[in-house]
Amino acid sequence: MINEKVKNIEYKKTDNGIEFQTIEIELRHDMTARLQVWLEVCDSNRLIASQESAWVFIDYKGEEYDLTEYEISEGYPYQEDYTETSNSKLPRHKDGDYHSSWFKKLEANLDYLTNKANEAYGF
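Residues numbered from 1 in each chain as written. Predicted model: local features only at pLDDT ≥ 70, side-chain atom pairs only at ≥ 80, totals over all residues. Heavy atoms only, no water.

(A) Geometry of the layout of surface pockets. By volume, the second largest pocket amounts to about 190 Å³. Contributing to the lining of the second largest pocket are Leu39, Leu47, Ile48, Ala49, Trp55, Glu69, Ile72, Ser73, Glu107, Leu110, Asp111 and Thr114. Within the residue set of the lining of the second largest pocket, elements represented by two or more residues are strand E6 (46-48), helix H2 (69-74) and helix H3 (100-121). Here the residues of the lining of the second largest pocket are counted per class, giving seven nonpolar, two polar and three charged. (1 Å grid on protein atoms, 1.4 Å probe; cavity = no way out; pocket = protein on both sides within 12 Å on 5 of 7 lines; lining within 4 Å. Points joined across faces, edges and corners; volume = space filled by probe spheres on them. Helix = DSSP H or I, 4+ residues; strand = E, 2+ residues; numbered from the N terminus. Nonpolar A, V, L, I, M, F, W, Y, C, P; charged D, E, K, R; others polar.)

Right, here's the structure in full:
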């Protein structure tokens, strides 16, 4: 389930954090994701991502959608005022969560990158 591009991704590690090379992976026949993942060192013993910055840009049927780390961790489109977001147009289950056919693949690849970053820092 881990894309070969993700397994072979290049990254730049600094004292402040880690930035992975931007890559594009296919999630479905009609959907790709551009991953722009970076993590910051926090408290000298863990890595975090800004919950408000876009990590992933989804191309779905010719439209682009951006997902923040928070939306990915929650698994559904999120906006503080609870209004519909443009991400609501992405394939979802009836309960509102992102559809597992593409979301589980995205999560697995992001988890792989997070684990790789933690290994690079020895966390």
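(B) A look at the nonpolar core. Core analysis: the biggest nonpolar cluster contains 30 residues, and Leu35, Val56, Ile58, Leu67, Leu90, Trp102 and Leu106 have the highest contact counts within it. Going through the elements one at a time, strand E2 (17-20), strand E3 (23-28), strand E4 (31-35), strand E7 (54-60), strand E8 (63-68) and H3 are the ones with two or more residues in this core. With seven residues, H3 is the single largest residue contributor to this core. For valine 56, the residues in contact, after removing those within four places along its chain, are Ala33, Arg34, Leu35, Tyr65, Asp66, Leu67, Ile72, Leu106 and Leu110. (Core = buried A, V, L, I, M, F, W, Y, C linked by side-chain atoms within 4.5 Å. Buried < 20%, exposed > 50% of the residue type's maximum accessible area, 1.4 Å probe, protein only. Contact = heavy atoms within 4.5 Å.)

(C) Spotlight on the side chain of aspartate 30. You can see aspartate 30 is positioned in the loop between E3 and E4. Among the polar contacts listed, one links the side chain of aspartate 30 to the side chain of arginine 28, at a separation of 2.9 Å. Apart from residues no more than four positions distant in its own chain, aspartate 30 is found in contact with Asp59, Tyr60 and Lys61. (Polar contact = N/O pair within 3.5 Å; in protein donor to acceptor, adjacent residues only side chain to side chain.)

(D) Quick look at the packing of aromatic side chains. On inspection of all chains with the given rule, the structure shows five aromatic pairs. The interplanar angle of 35 degrees and the centroid separation of 5.4 Å between the aromatic rings of tyrosine 98 and phenylalanine 103 together place this pair among those described as tilted. Neither tyrosine 98 nor phenylalanine 103 differs from the other in exposure class; each is buried. Lysine 13 extends its terminal NZ or CZ atom over the ring of tyrosine 121, reaching a point 4.8 Å from the ring centre. (Phe/Tyr/Trp six-rings, centres within 6.5 Å; stacked < 30°, edge-to-face > 60°. Lys NZ or Arg CZ within 6 Å of the ring centre and 35° of its normal.)

(E) Layout of the environment of tryptophan 102. Within the secondary structure, tryptophan 102 is located in helix H3. For tryptophan 102, a relative accessible area of 0% gives the class buried. In this structure, the C-alpha to C-alpha distance between tryptophan 102 and lysine 12, residues 90 residues apart in sequence, is 28 Å. For tryptophan 102, the contacting residues outside a window of four places in its chain are Leu27, Arg28, Met31, Ile58, Leu67, Leu90 and Pro91.

(F) Broad picture of the sheet that holds strand E5 (residues 38-42). Ordered by their spatial adjacency, four strands build an open sheet running E1-E2-E5-E6, and the pairing between neighbours is antiparallel. Pairing within the sheet leaves two strands with one partner each, and these edge strands are strand E1 (11-13) and E6. For this sheet the average axis-to-axis angle between neighbouring strands, irrespective of direction, equals 20 degrees. Relative to E6, E5 runs antiparallel, the two sharing three bridges. Across the sheet, the residue bridging to glutamate 40 is isoleucine 48, located in E6. Against the sheet, H3 contacts E1, E2, E5 and E6, and its axis sits at roughly 135 degrees relative to E2. (Pairing = 2+ DSSP bridges. Axes fitted to C-alpha atoms, helices over the stretch in contact; angles between N-to-C directions.)

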